[in-house]
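Listed below, chain by chain, are the residues.
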Amino acid sequence: MAIDTKKCVGCSDCVVACQTENNVPHGYSRDWISETVEGTYPELTLEIRSERCNHCDNTPCVRTCPTGASHVIEGGIVKVTHEECIGCGACIESCPYDARYFHPDGYVDKCTFCDHRIKNGQDPACVAVCPTHCMYFGDLDDSNSEVAKKIATRKTKVLAPEAGTKPQIFYLI
């Protein structure tokens, strides 16, 4: 996924779409909006970005899960099998992005890139509803995909690169 920080206005449509699409309980969320202000007055910059699980290539959440509930499916999506999760929280503690939460039903939950929609050829709900079209989703290994083209032609950053997780969410800056 790539998210254009110059287009995101922080409207939270992505958050509401995710909550609705995935029946996320009230008061919880799989994605959120972050605002970062940098610089010294009067030379300040504001960055608004939609954040979620980074579906890392080097997954500390999967390595620390004692039951195998946290795992990677084909295509690189990191998932949690709710029935296998014992709610120990090891994956929550190991995630440098604070992208997981305890579901009230006793398991850990997180963004799945709406893999049920992807299987049907649809974009994740967050991408589908974005009014500024700042989110791009697709196969990063396919140089002809829109997301790969955006990443190839724009300056990008990832969150917490020092964590060594190789996140697969790229912010276009």
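Quick caveat, the model's predicted, so the values are computed rather than measured.

A. Highlighting the state of the cysteines. Scanning the model with the defined rule gives 0 disulfides in all. With no disulfide partner, Cys-91 has as its closest neighbouring cysteine sulfur the one in Cys-85, 6.0 Å distant. Residue Cys-91 is classed as buried on the basis of its relative accessible area of 7%.

B. Inspection of the side chain of Glu-51 at higher detail. Mapped onto the fold, Glu-51 is located in strand β3 (residues 43-51). Exposure remark for Glu-51: the relative accessible area of 10% places this residue in the buried category. Among the polar contacts made by the side chain of Glu-51, one reaches the side chain of Ser-34 at a distance of 3.0 Å. A distance of 2.7 Å separates polar atoms of two side chains, one belonging to Glu-51 and the other to Arg-49. The residues touching Glu-51, leaving out its near neighbours within four places in the chain, are Arg-30, Asp-31, Trp-32, Ser-34, Leu-159 and Tyr-171.

C. Focus on the sheet that holds strand β9 (residues 156-157). Pairing in this open sheet of 4 strands is mixed, and the strands run β8-β1-β10-β9 from one edge to the other. Looking at which strands have only one partner, the edges of the open sheet turn out to be β8 (135-136) and β9. With 2 bridges joining them, strand β1 (residues 2-4) and β8 adopt antiparallel strand pairing. When the sheet's bridge partners are listed, Ala-2 is paired in β8 with Tyr-136.

D. Representation of the side chain of Arg-30. Here Arg-30 is to be found in the loop between α1 (13-21) and β2 (32-40). Judged by relative accessible area, Arg-30 falls into the buried class, the value being 6%. Within polar-contact distance, the side chain of Arg-30 engages the backbone oxygen of Lys-110 at 3.1 Å. Beyond its immediate sequence surroundings of up to four residues, Arg-30 is in contact with Cys-18, Asn-22, Val-24, Glu-51, Arg-52, Cys-53, Tyr-101, Asp-109, Lys-110, Cys-111 and Thr-112.

E. Geometry of unusual backbone geometry. For the bond from Tyr-41 to Pro-42, the omega torsion is 10°, close enough to zero to count as cis. Phi is positive for His-55, close to 40°, though the residue is something other than glycine. Relative to the helices and strands, His-55 resides in the loop between β3 and α2 (60-64). Notably, Cys-114 is not glycine yet its phi reads approximately 50°, a positive angle. Counting through the fold element by element, Cys-114 comes out in the loop between β7 (108-109) and α4 (115-118). On the basis of relative accessible area, Cys-114 is assigned to the buried category, the value being 5%.

The rules behind each value
- Residues numbered from 1 in each chain as written.
- Predicted model: local features only at pLDDT ≥ 70, side-chain atom pairs only at ≥ 80, totals over all residues.
- Heavy atoms only, no water.
- Disulfide = S-S within 2.5 Å.
- Buried < 20%, exposed > 50% of the residue type's maximum accessible area, 1.4 Å probe, protein only.
- Helix = DSSP H or I, 4+ residues; strand = E, 2+ residues; numbered from the N terminus.
- Polar contact = N/O pair within 3.5 Å; in protein donor to acceptor, adjacent residues only side chain to side chain.
- Contact = heavy atoms within 4.5 Å.
- Pairing = 2+ DSSP bridges.

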